[in-house]
Amino acid sequence: SARLVLDITTDDKTFIVDSISAALSDAGKPVSFFSNAVIDVARNKNGKRAANGAETIRESLIHAEMDPPVTDAEIGLLQEEIVRVLNDVALAVADWEPMRARLASSIAQLERTRLKGVDSEAQKKTIAFLKWLWDNRFAFLGVRHFEYSKSGDDVKFEHKQEDDLGILKDPDRRILKATYQSNGELSPAVEAFLQSGEPIIVAKANTKSLVHRRVYMDYVGVKTYSADGNVTGEQRFVGLFTSDAYNRPASDIPLIRAKMKAVVEAMSLTPGGHNEKALINILETFPRDELFQIDLDALRETSLGV
């Protein structure tokens with residue numbers, strides 16, 4: 001019969017308020033009051049409040065009140081969830097710049113290397129898209145690094161755990177349903193990507209984000225290459241496309257713009273005619289998440305069907 005009160009005191013970080021709000025909403029708790037204050041606090045090395053000789057830090061104080069009914073069991077579960085959220089926020093924020101630097105390094109490698117088996121136009125559109133992402137269109141949450149080698153039938157795809165960043169420092173955190181098969185061999189889907197002529201893959205991770213928005217995370221896999229252009233591994237970036245990635249016209253996004261152009265050209269419609277304009281409108285209003293992931297054949301068939 002009593003209302004549930006939640007108080008949080010923690011170092012102020014990006015994403016704290018919306019991440020906590022999303023956790024409460026996901027738990028099905030109707031919030032009747034929510035307040036957040038950010039203050040400067042002086043604390044000594046033991047974390048105690050101090051007046052002199054202490055470092056001043058910015059702290060976020062969150063107070064939330066939720067309507068009844070409340071059970072003892074859900075209090076413990078909610079507390080565990082809030083701790084998980086705060087830990088993920090801390091990991092993502094702490095490694096934000098290193099994750100951006102990792103993407104910048106991938107871009108630089110693609111710019112200086114002639115990739116074997118990759119069309120030059122595909123390489124250019126990949127570089128343009130990754131630069132577009134780097135320019136604050138992706139909220140980085142984690143990066144995981146794999147090294148790849150193949151000699152005859154012997155295929156190795158090794159997780160380099162020491163290189164992981166953000167929430168993917170947790171080795172048990174899964175991104176995809178299956179990187180390896182039950183017998184330990186590389187899954188056909190991952191091997192097909194590594195053998196393909198596409199330098200990147202854009203898809204959805206199989207787990208939801210605890211940071212910022214409670215939705216399935218976006219996964220961008222970027223191949224790594226040797227100096228002679230052979231595939232040597234993959235950098236797996238997980239995070240969330242920012243609102244700018246959804247609000248901008250589809251034709252402004254490098255990867256999607258190339259798909260749209262290919263579909264329009266394949267239709268051979270009268271330039272500037274009614275049908276071409278209708279097709280372009282269909283592509284511009286196509287669900288954005290699907291546009292990032294869909295292949296050309298499926299996009300052409302679907303848009304023609306519409």
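Residues numbered from 1 in each chain as written. Predicted model: local features only at pLDDT ≥ 70, side-chain atom pairs only at ≥ 80, totals over all residues. Heavy atoms only, no water.

### Describing the packing of helix α4 (residues 120-134) against helix α7 (residues 254-267)
Close contact between α4 and α7 brings their axes to 7 Å; oriented N to C, the two are set at 140°. By the criterion of interaxial angle, the relationship of α4 to α7 is oblique. Between α4 and α7, the contacting residues are Lys125, Ala128, Phe129 and Trp132 on the first element and Pro254, Leu255 and Ala258 on the second. Considering only residue class, the contact of α4 with α7 consists of six nonpolar, no polar and one charged. (Axes fitted to C-alpha atoms, helices over the stretch in contact; angles between N-to-C directions. Helix = DSSP H or I, 4+ residues; strand = E, 2+ residues; numbered from the N terminus. Parallel < 35°, antiparallel > 145°, perpendicular 65-115°, else oblique. Contact = heavy atoms within 4.5 Å. Nonpolar A, V, L, I, M, F, W, Y, C, P; charged D, E, K, R; others polar.)

### Quick look at the pairing of strand β5 (residues 154-159)
Pairing of strand β4 (residues 138-151) with β5 involves six bridges; the strand directions are antiparallel. Residue pairing across strands places Ser151 opposite Asp154, the latter belonging to β5. Two successive antiparallel strands, β4 and β5, enclose a turn made up of two residues, where Gly152 displays a positive phi of approximately 65°. (Pairing = 2+ DSSP bridges.)

### What to know about the packing of helix α2 (residues 72-94) against helix α3 (residues 96-112)
Put simply, α2 and α3 touch, their axes get as near as 4 Å, and they point 50° apart. As the angle between them shows, α2 and α3 are arranged oblique. For the pair α2 and α3, the contacting residues are Ala92, Val93 and Ala94 in the first and Trp96, Pro98 and Met99 in the second. Here the contact of α2 with α3 is built from residues that sort into six nonpolar, no polar and no charged.

### Here we look at the nonpolar core
Of all hydrophobic cores here, the largest spans 77 residues; its most connected members are Ile20, Phe129, Leu130, Leu133 and Phe292. If one sorts the elements of this core by residue count, β4 sits on top with seven residues. Contact partners of Leu133, with chain neighbours within four places excluded, come to Leu103, Phe138, Val220 and Phe241. (Core = buried A, V, L, I, M, F, W, Y, C linked by side-chain atoms within 4.5 Å. Buried < 20%, exposed > 50% of the residue type's maximum accessible area, 1.4 Å probe, protein only.)

### Here we look at unusual backbone geometry
Cis rather than trans, the peptide bond between Pro68 and Pro69 has omega equal to 10°. Even without glycine at this site, Phe15 takes up a positive phi of about 80°. Assignment of secondary structure puts Phe15 in the loop between β1 (4-11) and α1 (16-26). Using a relative accessible area of 15% as the deciding quantity, one classes Phe15 as buried.

### What to know about the environment of Thr14
Mapped onto the elements of the fold, Thr14 is located in the loop between β1 and α1. Overall, the relative accessible area of 49% leaves Thr14 in the partly exposed class. For the pair Thr14 and Ser149, spaced 135 residues apart in sequence, the C-alpha separation works out to 39 Å. Not counting residues up to four positions away in its chain, the partners in contact with Thr14 are Val89 and Val93.

### Focus on the pattern of salt bridges
The final tally for this structure, using the stated rule, is 25 salt bridges. Salt-bridge contacts for Asp289 lead to Lys204; the nearest nitrogen and oxygen are separated by 3.5 Å. Note that Asp289 is positioned in helix α9 (residues 288-293) and Lys204 in strand β7 (residues 200-208), a separation of 85 residues in sequence. Here Arg248 ties to Asp244 by a salt bridge, and the two come within 3.7 Å at their closest N and O atoms. (Salt bridge = Lys/Arg side-chain N within 4 Å of Asp/Glu carboxyl O.)

### Observations regarding the sheet that holds strand β2 (residues 31-43)
With respect to topology, three strands assemble into an open sheet ordered β1-β3-β2, the strand pairing being antiparallel. The two strands at the open ends of the sheet, each matched to only one other strand, are β1 and β2. Taken over all neighbouring pairs, the strand axes of this sheet differ in orientation by 15° on average, direction set aside. Pairing of β2 with strand β3 (residues 55-66) involves 12 bridges; the strand directions are antiparallel. Bridge pairing in β3 links Asp40 to Arg58. Contacting β1, β2 and β3, α1 crosses the sheet at an angle of about 145° to β2. Where α2 meets the sheet, its contacts fall on β1 and β3, and the angle it forms with β1 comes to roughly 20°.

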